[in-house]
Amino acid sequence: MTQHYLTVDSLSAGELLAVLDLADELKADRRWREDLHGCSIGMIFEKPSTRTRISFEVAIRELGGHPVVLNTGDLQLGRGETIEDTARVLSRYLSAVVVRTFAQSPLELLAGAGSIPVINALTDFSHPCQVLADLQTIREYKGHLSGLKLAYLGDGNNVAHSLLRAGALTGMHVAVASPPGYEPIPQVVGVAERHAREHGGTVTVTADPLEAAADADVVYTDVWASMGQEVEHDARLLLFRPYQVGSQVMQAARPDAIVLHCLPAHRDEEIAASVLDGDQSVVWTQAENRLHTQKALLLHLLTGGEDQRDGAQTAHLPADAPVRTPSRW
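**Details of the environment of arginine 236**
Turning to step 1, where the next piece is worked out: Along the chain, arginine 236 turns up in helix 9 (residues 233–240).
Turning to step 2, where the next piece is worked out: Reaching out from arginine 236, the side chain makes a polar contact with the side chain of glutamate 232 at a distance of 2.9 Å.

**What to know about the packing of aromatic side chains**
Turning to step 1, where the next piece is worked out: According to the stated counting rule, one finds four aromatic pairs in the structure shown.
Turning to step 2, where the next piece is worked out: Members of the aromatic cluster, joined through ring pairs, are Tyr182, Trp224, Phe240 and Tyr243.

**What to know about helix 3 (residues 83–93)**
Turning to step 1, where the next piece is worked out: Listed in full, the buried residues belonging to helix 3 are Thr86, Ala87, Leu90 and Ser91. All buried residues of helix 3 fall inside an arc of 135° around its axis, so they share one side.
Turning to step 2, where the next piece is worked out: Elements that come into contact with the buried residues of helix 3 comprise strand 1 (40–45) and helix 4 (105–113).

**Considering the side chain of glutamine 104**
Turning to step 1, where the next piece is worked out: Tracing the backbone through its elements, the reader meets glutamine 104 in the loop between strand 3 (96–100) and helix 4.
Turning to step 2, where the next piece is worked out: The class for glutamine 104 is buried, based on a relative accessible area of 11%.
Turning to step 3, where the next piece is worked out: Polar contacts involving the side chain of glutamine 104 include one to the side chain of threonine 123, which spans 2.6 Å.

**Things to note about the pattern of salt bridges**
Oppositely charged side chains can form a pair if their charged atoms are brought close together.
Turning to step 1, where the next piece is worked out: Within the structure shown, the criterion is met by 18 salt bridges.
Turning to step 2, where the next piece is worked out: Linking lysine 142 and aspartate 256 is a salt bridge whose minimum nitrogen-to-oxygen distance equals 3.5 Å. Here the residue lysine 142 occupies a position in helix 5 (residues 128–142), and aspartate 256 occupies one in the loop between helix 10 (247–252) and strand 9 (258–261), the gap between them amounting to 114 residues.
Turning to step 3, where the next piece is worked out: Take lysine 142: its relative accessible area is 18%, and that puts it in the buried class.
Turning to step 4, where the next piece is worked out: Among the charged side chains, a salt-bridge network with shared partners connects Lys142, Asp217, Arg254 and Asp256.

**Things to note about the nonpolar core**
Turning to step 1, where the next piece is worked out: Residues Tyr5, Ile119, Ile138, Leu150 and Leu298 are the most contacted members of the largest nonpolar core, which totals 60 residues.
Turning to step 2, where the next piece is worked out: The contacts of isoleucine 138, once residues within four sequence positions are left out, are Gly143, His144, Leu145, Leu148, Leu150, Met172, Val218, Ile258 and Leu260.

**Here we look at the packing of helix 5 against helix 6 (residues 158–169)**
Turning to step 1, where the next piece is worked out: Contact pair helix 5 / helix 6: the axes reach a minimum separation of 9 Å and the direction vectors enclose 50°. With respect to helix 6, the axis of helix 5 lies oblique. The element helix 5 and its partner helix 6 pack so that their crossing is right-handed. Contacts from Pro128, Val131, Asp134 and Leu135 of helix 5 reach helix 6 at Ser162, Leu163 and Ala166.
Turning to step 2, where the next piece is worked out: Its residues assigned to classes, the contact of helix 5 with helix 6 comprises five nonpolar, one polar and one charged.

**A word on the pairing of strand 5 (residues 149–153)**
Turning to step 1, where the next piece is worked out: Counting buried residues along strand 5, five of its five residues qualify, which places the element largely inside the surrounding structure.
Turning to step 2, where the next piece is worked out: Of the two faces of strand 5, the one lined by Lys149, Ala151 and Leu153 and the one lined by Leu150 and Tyr152 are each fully buried.
Turning to step 3, where the next piece is worked out: Strand direction decides the pairing type here: strand 5 and strand 6 (residues 173–177), joined by five bridges, are parallel. By the bridge assignment, alanine 151 is partnered in strand 6 with alanine 175.
Turning to step 4, where the next piece is worked out: Here strand 5 runs beside strand 8 (residues 218–221); their pairing, made up of four bridges, is parallel.

Conventions we followed
Residues numbered from 1 in each chain as written. Predicted model: local features only at pLDDT ≥ 70, side-chain atom pairs only at ≥ 80, totals over all residues. Heavy atoms only, no water. Helix = DSSP H or I, 4+ residues; strand = E, 2+ residues; numbered from the N terminus. Polar contact = N/O pair within 3.5 Å; in protein donor to acceptor, adjacent residues only side chain to side chain. Phe/Tyr/Trp six-rings, centres within 6.5 Å; stacked < 30°, edge-to-face > 60°. Buried < 20%, exposed > 50% of the residue type's maximum accessible area, 1.4 Å probe, protein only. Arc of directions from axis to C-beta. Contact = heavy atoms within 4.5 Å. Salt bridge = Lys/Arg side-chain N within 4 Å of Asp/Glu carboxyl O. Core = buried A, V, L, I, M, F, W, Y, C linked by side-chain atoms within 4.5 Å. Axes fitted to C-alpha atoms, helices over the stretch in contact; angles between N-to-C directions. Parallel < 35°, antiparallel > 145°, perpendicular 65-115°, else oblique. Left-handed = near helix turned anticlockwise from the far one by under 90°. Nonpolar A, V, L, I, M, F, W, Y, C, P; charged D, E, K, R; others polar. Pairing = 2+ DSSP bridges.

Okay, structure coming up:
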């Protein structure tokens, strides 16, 4: 059965940790590989991207695959072809497809109609690939995840949604502070609370940024106006100002807390420049880890997640693809 990655809890807790372990191995031994030899991976981007697009394209190439980069202007979707029909066609050509788009529902339709893995490279609802790099970075600096407190300050957006679910799934204590009316949606909070009960974590949603930051091991923020919300930028500046990750927030956190930001950052808006460039900031390692976790995710979905250190595994080819030996690809 085809496994997709549409939200972070598309993976079980065990699968999530296995992907992070593999990402650590791939980071420690970065080299060109042939694990995805013969695989063409579609990349459909309806929104601008720096880290996600580059890290996926490099990951696919360094694993021996071929990235096919598209935007919706290159596809017949813009001329009325249905998502379902597009999914059926792409499944005959590609081994997987990576999609950055607006709503979550088109991804669900794509996954439901196709027969290849669909990877969510960001929607307005969720950013599950980002959170893989976040978790790898936290483990790299803290040694573990379970029992740590992660404080997220700012808009209850797609990044907040993914952090809530991923943190709870790994036994973390996740506290989100947002202005009233900008909290994460209740359905996501409810899912995260269920994960937390099952895995020993907790979930807190508050309007008080210092309450969220108190004794935090990890302090995280994102831009106050996401892509598509730029017209709200000026209005949000005043409303979100108390949620800036600055000296007061960092004094409330633990002395050895690390600072994360998914980037791009607006210096001296959601995060003080002194914090972004300070000793507690690990955002550049976090950005680098997009590459390693993207590789690990692709291998998990396309090769079944076997240990990759002893050579390439057989990757999933498109449905009805002719059987060929690797030497003929």
